[in-house]
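Descriptive structure summary
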Amino acid sequence: MSLPTPTLHTARLLLRPDAIFALQSSPRVLRYWDAPAWKNRAQAERFIAGCRQIEQEGTGARLAIERAADGVFIGWCSLGKWDPVYRSAKMGYCLDDVAWGQGFATEAANALLQWAFETLDLNRVQAETDTRNTASGRVLEKLGFVHEGTLREDCIVDGEVSDSSVYGLLKREWKPLPRR
């Protein structure tokens, strides 16, 4: 089954298919990520190819996040591991540090969840975050996700071991946040 990647709009954001190098090469932005910051543009090309592949395979969609006011790219959000039989997927997002603390992650993820639950008719969306990334945990909890457990020492990036928090959100529990 094919999964066409949408273009989604919120009051302040445009979410569209895209990819970037500057964001993923920032050690500050990727501090709590499950992979080290990129060192060369070939990694960006592989990332873009991977985005196209998950769309063609129908297993996910990755959308660029840009501010509607000025068109500046500030990050991305995604649904991956989409399973139409189990009606489930994993959600992720990554925002540039200049966009932190302004509600953009919550706004973008809310739009993505609306598409997931209403258009794709998903029953469950899962998300994971580094246990040290409390800001991301707060975003997920604002959206209604429930902390379901901890994956101990599941990531090793540049020799640093970390744990991940697993969050889940069921369609019957989801309440879209009001538009800004």
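Anyway, here's the lowdown on the structure attached to this text.

Core analysis: the largest hydrophobic core is formed by 32 residues, its most contacted members being Leu79, Met91, Leu113, Leu122, Val125 and Phe145. Elements that contribute at least two residues to this core include exactly β3 (61–67), β4 (73–83), β5 (88–95), α2 (104–119), β6 (124–130), α3 (134–142) and β8 (160–170). Examining the composition of this core, we find that nine residues originate from one element, α2, more than from any other. Contact partners of Val125, with chain neighbours within four places excluded, come to Leu79, Ala89, Met91, Leu113, Ala116, Phe117, Phe145, Tyr167, Gly168 and Leu169. The next biggest cluster of nonpolar side chains, apart from the first, holds 10 residues, and it includes Trp38, Cys51, Trp76 and Cys94.

The subject of this paragraph is unusual backbone geometry. The backbone of Lys81 shows a phi angle near 50 degrees, a positive value even though the residue is not glycine. The residue Lys81 is located in strand β4 in this model.

Quick notes on the rules
Residues numbered from 1 in each chain as written. Predicted model: local features only at pLDDT ≥ 70, side-chain atom pairs only at ≥ 80, totals over all residues. Heavy atoms only, no water. Core = buried A, V, L, I, M, F, W, Y, C linked by side-chain atoms within 4.5 Å. Buried < 20%, exposed > 50% of the residue type's maximum accessible area, 1.4 Å probe, protein only. Helix = DSSP H or I, 4+ residues; strand = E, 2+ residues; numbered from the N terminus. Contact = heavy atoms within 4.5 Å.

By themselves, these figures tell us nothing about what the structure is for.
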